[in-house]
Amino acid sequence: MRRETSLAEVFDLVVIGAGSGGVRAGRLAATYGARVAVVEEYRVGGTCVIRGCVPKKFFVYASRFTDMFEVAGGFGWTVNASFDWPTLVANKDKEIARLEAAYVAALETPGAELIRDRAILTGPSSIQLVKSGRVLEAGTILIATGGHPHIPDIPGNELGITSNEAFHLATLPRSILIEGGGYVAVEFATIFAGLGVDTTIVYRGDCVLRGFDEDLRQGLSAGLQARGIRLIYETNVRALRKSGDNIVVSFSDEVEAPFGAVMFATGRRANVSGYGLEAAGIEMTPGRHIAVDEYSRTSNPSIYAVGDVTGRSQLTPVAIREGAAFAETVFNNNPTAVDHSLIGTAVFAEPEVATIGLTEAEAATHGDIDVYLVRFRPMINTLSTRTERMMLKLITLAGGGRVLGCHILGPGAAEMIQLVAIPMGMGAAKADFDRAMAMHPTAGEELVTFRAPAYRYRGGVRS
Ligand code: NDP
């Protein structure tokens, strides 16, 4: 334990930011006996719990009833449904408040002190709190300040919203334009469209989800259009202006059009400004994230950083893993580095997308590969007129070798990829998948019953 001074309160660890990474790190460090303070200026739980993954998934569930109602007739149902947005928002807020309280308890039960304030570094081990004026001295500081939505610098951008505001709209707009082609854009597009909002995506690229497997991108793009979502590619928003109840959008192709609302889903930036990082001599990456080593240590040896602020992967489970590894390393004498090499990810759009490992294009540059691919109508659609198909793709080294990638589009994709992550992490080969007995009737059984590749790449050439 460090020596108390007359001015500063002394802690073994001060965590800045009570999101997924900060809470896990603070809780574990306190469990290991450290004297911990966690400083948070907003709500406890971070983006994921308060205005990200969790409330988003509630909205996704709400929007998916539309698809279910569409197939219900084939199963004999007559559905006269109506939807009430304020009910959804109020119930979502209630559950988020419950989860926030659970996060507070997770910190306080092992003895960490939660301080609701803004922390500014005044040196490598000293922190000033803005509201209370308290001064903290820390053996170790952990920066887990997360990120915020990026808004393009264009005229009228103050008229647009981001995902932050989308969770608290008083009413659903008549129509919405969403700019971007990433996770947030496609997830919110399917949420709004599923809830009856006339929805348009405008994206500067040629297809949504850049960097994902091409079949997933094309399949999702088609699925979005099948749900009535307009897709405008290779176009930017140039300016917004108000006209009556509408926002008139000027696009880069000189077209203008009115929308009830405009949402920017144009990526996120790390929260690195106004925390005194310069005073502590912390180095940044070229992308304005905090630079860290494999143990999440910054250029200042007593300061660490985890989660979105480090830019390694903007995913909650990764931040949690990094926070836990930090606590193990620093407070449990057990140096632990997080393996970022194989991270599965899901996009809760409609149709759902989930993926792990190499895309087909990437794998084709890694040697000779086989591609196993199946497309079929999910069973739930077969008694209805819906023709949408799902897709499962397994990419292996040639001749039944190691599985390099798995990509799924359709119902249950995220749940399936979560479990495929286990054998892939163990280095499983095609034969290991084949050894598993199929479960019938499921979609996932296709992954263990592939007989022959749909096609192969030899020397980088598809055959
Ligand atoms: P993404 O990085 O996924 O997508 C940002 C999109 O905005 C891209 O299509 C990008 O285009 C485009 N873009 C960026 N800058 C501009 C600009 N100035 N003008 C026009 N378009 C622009 O960010 P998101 O905000 O969607 O999500 C942030 C991160 O949060 C994700 O990467 C993911 O890690 C995480 N997340 C995870 C979810 C999940 O796990 N289900 C859900 C939501 C978010 P381009 O492709 O050309 O770069």
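Per-chain numbering applies: the sequence of each chain, read as written, is numbered from 1 onward. In keeping with the predicted nature of the model, local features appear solely for residues at pLDDT of at least 70, side-chain atom pairs appear and are counted solely at 80 or more, and the whole-chain, interface and lining totals rest on all residues. With hydrogens and water set aside, each side-chain value is computed from the structure's full complement of heavy atoms.

Caption draft 1: Broad picture of the sheet that holds strand β12 (residues 246-251). What the three strands build is an open sheet, ordered β11-β12-β13; its pairing is antiparallel. The open sheet has two edge strands with one neighbour each: β11 (237-243) and β13 (256-259). Each adjacent strand pair in this sheet contributes to an overall mean axis angle of 25°, direction not counted. With four bridges joining them, β12 and β13 adopt antiparallel strand pairing. Among the inter-strand pairings, Val 249 is bridged to a residue of β13, identified as Ala 257. A pair of strands is treated as paired once DSSP finds two or more bridges between them. Here a helix means four or more residues in a row that DSSP labels H or I, a strand means two or more in a row labelled E, and each is numbered from the N terminus. All axes are obtained by fitting lines to C-alpha atoms, using only the stretch in contact for helices, and the reported angles, taken between N-to-C directions, cover 0 to 180 degrees.

Caption draft 2: Molecular detail of the environment of Val 237. Structurally, Val 237 is set in strand β11. For every residue, the accessible area (1.4 Å probe, protein chains only) is compared with the maximum for its type, and the residue is labelled buried under 20%, exposed over 50%, or partly exposed between those bounds. Assessed through its relative accessible area of 5%, Val 237 is described here as buried. For the pair Val 237 and Gly 223, spaced 14 residues apart in sequence, the C-alpha separation works out to 24 Å.

Caption draft 3: View of the pattern of salt bridges. Salt bridge, as applied in this entry: a Lys or Arg side-chain nitrogen positioned within 4 Å of an Asp or Glu carboxyl oxygen. According to the stated counting rule, one finds 29 salt bridges in the structure shown. One salt bridge connects Arg 386 with Asp 67, and the closest N-O pair in it is separated by 3.3 Å. Placement of Arg 386 in the loop between β19 (369-376) and β20 (390-397) and of Asp 67 in helix α3 (residues 53-72) is noted, with a sequence separation of 319 residues between them. On the accessibility criterion, Asp 67 (11% relative accessible area) is buried.

Caption draft 4: Quick peek at the confidence of the model for the protein. You can read pLDDT as the predictor saying how much it trusts each residue, on a scale of 0 to 100. Mean pLDDT over the protein works out to 96, with 99% of the residues at or above the 70 mark. For this analysis, residues touch if any pair of their heavy atoms sits within 4.5 Å. Contacts for the low-pLDDT stretch residues 1-5, under 50 throughout, to residues beyond four places or in other chains number 13 contacts.

Caption draft 5: Spatial organisation of helix α4 (residues 85-108). Along its 24 residues, α4 runs 35 Å from first to last C-alpha, staying within 8% of the 34 Å computed at 1.5 Å per residue. Among all positions in α4, only Trp 85, Leu 88, Val 89, Lys 92, Ile 96, Leu 99, Glu 100, Val 104 and Leu 107 are buried. Expected span of a helix, by definition, is 1.5 Å for each gap between consecutive residues, and there is one gap fewer than residues.

Caption draft 6: Seen up close, the site of the ligand. To be near a molecule or strand, a residue needs just one of its heavy atoms within 4 Å of it. With respect to spatial proximity, 21 residues lie near the ligand, and among them Gly 181, Val 184, Tyr 203, Arg 210 and Ala 346 are the closest. Any pair of nitrogen or oxygen atoms within 3.5 Å is treated as a polar contact; in protein, a donor-acceptor pairing is required on top of that, and neighbouring residues in sequence qualify only through side-chain atoms on both sides. In this structure, an oxygen atom belonging to the ligand sits 2.9 Å away from a side-chain N or O atom of Arg 204. The method behind every accessible area is Shrake-Rupley, applied with a 1.4 Å probe, and residues are considered shielded solely by the protein chains displayed. Computed on the free molecule, the ligand has an accessible area of 900 Å², of which 79% lies beneath the protein chains in the complex. Looking at the shell around the ligand element by element, the count peaks at three residues for helix α6 (residues 183-194).

Caption draft 7: Expanded view of the environment of Val 14. Within the secondary structure, Val 14 sits in strand β1 (residues 9-16). Between the C-alpha atom of Val 14 and that of Ser 126, which follows or precedes it by 112 residues, the distance is 9.4 Å. Non-local contacts of Val 14, meaning those with residues more than four positions away in its chain, are made with Ala 37, Val 39, Ile 127, Leu 136, Ala 138, Thr 140, Ile 141 and Leu 142.

Caption draft 8: Geometry of the packing of aromatic side chains. Pairing of aromatic side chains requires ring centres within 6.5 Å, counting the rings of Phe and Tyr and the six-membered ring of Trp. Pairs whose planes differ by under 30 degrees are stacked, by over 60 edge-to-face, and all others tilted. Applying the stated criterion across every chain, the model contains twelve aromatic pairs. Ring centres of Phe 59 and Trp 85 lie 5.1 Å apart, and the angle between their planes is 55°; this geometry places the pair in the tilted category. With Phe 59 in helix α3 and Trp 85 in helix α4, the pair connects residues that are 26 residues apart, well separated along the chain. When its relative accessible area of 1% is taken as the criterion, Phe 59 is described as buried.

Caption draft 9: Summary view of the packing of helix α1 (residues 20-31) against α4. It is at 8 Å that the axes of α1 and α4 come closest, and there the two elements cross at 30°. Comparing the axis directions of α1 and α4 gives the class roughly parallel. For the pair α1 and α4, contact is made by Val 23, Gly 26 and Arg 27 and by Tyr 103, Ala 106 and Leu 107, respectively. Think of it as three bins: nonpolar holds Ala, Val, Leu, Ile, Met, Phe, Trp, Tyr, Cys and Pro, charged holds Asp, Glu, Lys and Arg, and polar takes everything else, Gly as well. Of the residues assigned to the contact of α1 with α4, the class counts are four nonpolar, one polar and one charged. For classification purposes, an angle smaller than 35 degrees is called roughly parallel, one larger than 145 roughly antiparallel, one from 65 to 115 roughly perpendicular, and anything else oblique.

Caption draft 10: Molecular detail of the pairing of β11. Relative to β12, β11 runs antiparallel, the two sharing six bridges. Paired with Leu 240 across the two strands is Val 249, which belongs to β12. Where β11 hands over to β12, the hairpin turn is made up of two residues, of which Gly 244 adopts a positive phi near 60°.

Caption draft 11: Main features of a nonpolar patch on the surface. Grouping into patches uses exposed residues only, defined as over 30% relative accessible area, and leaves out salt-bridged ones; the cut-off is 9 Å for like charges and 5 Å for nonpolar side chains (Val, Leu, Ile, Met, Phe, Trp, Tyr). Nonpolar side chains collect at one region of the surface, where Phe 65, Met 68, Phe 69, Phe 75, Trp 77, Val 79, Ile 380 and Leu 383 lie side by side and expose about 810 Å² of accessible area between them. Position of Ile 380 relative to the elements: it lies in the loop between β19 and β20.

Caption draft 12: Seen up close, the sheet that holds strand β9 (residues 198-203). On the basis of which strands lie adjacent, the open sheet formed by four strands has the order β10-β9-β8-β14 and parallel pairing. One side of each edge strand has no neighbouring strand; the edge strands of this open sheet are β10 (230-233) and β14 (261-264). With direction set aside, neighbouring strand axes in the sheet form an average angle of 20°. Two elements, strand β8 (residues 175-179) and β14, share four bridges in a ladder whose sense is parallel. Across the sheet, the residue bridging to Leu 177 is Val 262, located in β14. The strands that α6 touches are β8, β9 and β14; relative to β9, the one it contacts most, it runs at about 165°.

Caption draft 13: View of unusual backbone geometry. In the segment running from Glu 350 into Pro 351, the intervening peptide bond is cis, with an omega of 0°. Secondary-structure assignment places Pro 351 in the loop between β17 (345-347) and β18 (353-357). In this model, Leu 209 sits at a positive phi of 55°, which is unusual for a non-glycine residue. Tracing the backbone shows Leu 209 in the loop between β9 and α7 (214-226). When its relative accessible area of 1% is taken as the criterion, Leu 209 is described as buried. Unusually for a residue other than glycine, Asn 333 sits at a positive phi of about 55°. Assignment of secondary structure puts Asn 333 in the loop between α8 (316-331) and β17.

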